[in-house]
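Here is what each chain is made of, one letter per residue.
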Amino acid sequence: MEKAGTDLDPLHGDVQCPEARCWRNGDVSAAISWEALEFVPKHRRADNAVRHWKRKGAPGEKIIMGIPTYGRSFTLDTLDTGVGAQASKAGQPGPFTSEAGFLAYYEICTFKQGATTEMIEEQKVPYSYKGNQWVGYDDMESIKTKTKFQVPQVGSVGWNPSLKTLLSIDGGKTGLDRAVDFLNLLTFDFHGSWQKVTGHVSPFLQGKEDSKSSSYYNVDYAVTYWRSKGAPAEKLIMGIPTYGRSFTLSSSKTGIGAPISGPGSPVPFTQEAGLLAYYEICTFTPGATTERIVEQEVPYSYKGNQWVGYDDEQSITTKVQYLKNNKLGGAMIWAVDLDDFDGLFCSQKKPYPLIGTVKAKLSSGN
């Protein structure tokens, strides 16, 4: 039986911090009271996320606690360097990931050379700063803490023998499928503003313009690759985004591969350049031109110099049918709060139109 999973957004970072303060990315804070945390909003801590889902009736055995292998970075405004320091914008892009506000762990290892590293004792996580650059992340010690993490009122919630062990991956070349119960394929963010041209966030198939390494940037290739390396189909969980990647066009061209000057403009809710939640896309598309990339079976829309690629109900139906045809283990959603969760923005006028499509298609007999 296929399963639908959901992933929550990072707890702190440029998307989630319109108040422009440096917060940690995935604090544990298991035994710390709200009063003791002072400036850390309790709804942005791993323990509260787990408690919330338990209160809503989610079975403990179905809760998988996310652990990042990246950090969220900030550019400091003042000489203050602790948690809660004023930060007006995202940190500088790393040399490899090339995304402002984001550093892969291997980039953090380089950044830490010559930086000052501190541990937030009550939250059991580290951060480092150098000059006006600040990054919070997990290291081996904080991950050990999280994998042992238990909330007394609700039971175990981490990686332990009573729960499933998973790994979220982006199609990399490892043999970890033998060590885990299932693998979440991050089959999205194939293209974004770190590139010089437009591209779809999660193309289903290879595009006619794709060549060399870009021919790998699609859902079908990622799934096929892992299966070719021996990963059992029933352990593969296909990722489906409920957001789009946006761009600012730099010419009159509007198709795939059109030149860009940078990420799309931030919008009022997510406030992140280059990213639109699906409910924001629903407000963008009226008055915009919407096209479908025929060979990749996904849509994009443009208006003025703004361009966004995303998944809709039609493309998700296609992807879930592919998942079922290939007998994969299920679907993983990134992320619950980026769908039209109140049903107020999109034409369907119903909560969770994209996640609902995944559920309905998985539940259907064909």
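The structure under discussion appears in the preceding block.
Description of the structure in this document. Please read all numbers here as calculations on a predicted model, not as lab measurements.

Looking now at the state of the cysteines. Counted by the stated rule, this structure contains one disulfide. Two residues, cysteine 282 and cysteine 346, share a disulfide whose sulfurs are 1.9 Å apart. An S-S torsion of about 90 degrees defines the bridge between cysteine 282 and cysteine 346 as right-handed. Residue cysteine 282 is found in helix H6 (residues 278-284), and its partner cysteine 346 is found in the loop between strand S19 (330-334) and helix H8 (353-363); the two are separated by 64 residues along the sequence. In this structure, cysteine 282 and cysteine 346 share a single accessibility class: buried.

Turning our attention to the packing of helix H7 (residues 313-325) against H8. How two helices pack is summed up by the angle between their axes together with the distance between the axes. For the pair H7 and H8, the least separation of the axes is 9 Å and the interaxial angle reads 35 degrees. Of the two possible hands of crossing, H7 and H8 adopt the one that is right-handed. Between H7 and H8, the residues in contact are Glu313, Ile316, Thr317, Val320, Gln321, Leu323 and Lys324 and Pro353, Leu354, Thr357, Val358, Lys361 and Leu362, respectively. Here the residues of the contact of H7 with H8 are counted per class, giving seven nonpolar, three polar and three charged.

This part covers the nonpolar core. In terms of nonpolar packing, the biggest core is built from 34 residues, with Val223, Trp226, Leu236, Met238, Ile240, Leu328 and Val358 touching the most fellow members. Elements represented by at least two residues in this core include exactly strand S11 (182-185), helix H5 (219-228), strand S12 (236-241), H6, H7, S19 and H8. Judged by nonpolar contacts, the second largest core, of eleven residues, contains Phe188, Leu275, Ala335 and Leu338.

Further remarks concern the pattern of salt bridges. Note on pairing: side chains with opposite charge can pair once their charged atoms come close. Under the criterion given, the structure shown has five salt bridges. For lysine 144, the salt bridge goes to glutamate 141, with nearest N and O atoms at 3.5 Å. You can see lysine 144 and its partner glutamate 141 sitting in helix H4 (residues 140-147), three residues apart, about one turn around the helix. For glutamate 141, a relative accessible area of 46% corresponds to the partly exposed category. The partner of aspartate 189 in a salt bridge is arginine 245, and the shortest N-O contact between them spans 2.9 Å. Of this pair, aspartate 189 sits in the loop between S11 and H5 while arginine 245 is found in strand S13 (residues 243-249), placing the two residues 56 residues apart along the sequence.

Here we come to the environment of glycine 365. In this structure, glycine 365 sits in the segment after H8. For the pair glycine 365 and lysine 324, spaced 41 residues apart in sequence, the C-alpha separation works out to 10.0 Å.

Let us look at the pairing of S19. Counting buried positions along S19 gives four out of five residues, so the element sits mostly inside the fold. Here five bridges tie S12 to S19, and the two strands are oriented parallel to one another. Paired with glycine 239 across the strands is methionine 332, a residue of S19.

With that out of the way, let us pick up H7. Helix length check: H7, at 13 residues, gives a terminal C-alpha distance of 18 Å against a target of 18 Å (1.5 Å per residue), a fit within 8%. Taken together, the buried positions of H7 are occupied by Ser315, Ile316, Lys319, Val320, Tyr322, Leu323 and Lys324. Turning to H7, the residues buried within the fold contact H5, S12, strand S16 (289-293), strand S17 (298-303), S19 and H8. A distance of 3.2 Å separates the backbone nitrogen of glutamine 314 from a side-chain oxygen at the start of H7, and that oxygen is part of aspartate 312. Phi turns positive one or two residues past the end of H7, at lysine 327, with a value near 55 degrees.

Here is what the cut-offs are and how they apply
Residues numbered from 1 in each chain as written. Predicted model: local features only at pLDDT ≥ 70, side-chain atom pairs only at ≥ 80, totals over all residues. Heavy atoms only, no water. Disulfide = S-S within 2.5 Å. Helix = DSSP H or I, 4+ residues; strand = E, 2+ residues; numbered from the N terminus. Buried < 20%, exposed > 50% of the residue type's maximum accessible area, 1.4 Å probe, protein only. Axes fitted to C-alpha atoms, helices over the stretch in contact; angles between N-to-C directions. Left-handed = near helix turned anticlockwise from the far one by under 90°. Contact = heavy atoms within 4.5 Å. Nonpolar A, V, L, I, M, F, W, Y, C, P; charged D, E, K, R; others polar. Core = buried A, V, L, I, M, F, W, Y, C linked by side-chain atoms within 4.5 Å. Salt bridge = Lys/Arg side-chain N within 4 Å of Asp/Glu carboxyl O. Pairing = 2+ DSSP bridges. Expected span 1.5 Å × (residues − 1). Polar contact = N/O pair within 3.5 Å; in protein donor to acceptor, adjacent residues only side chain to side chain.

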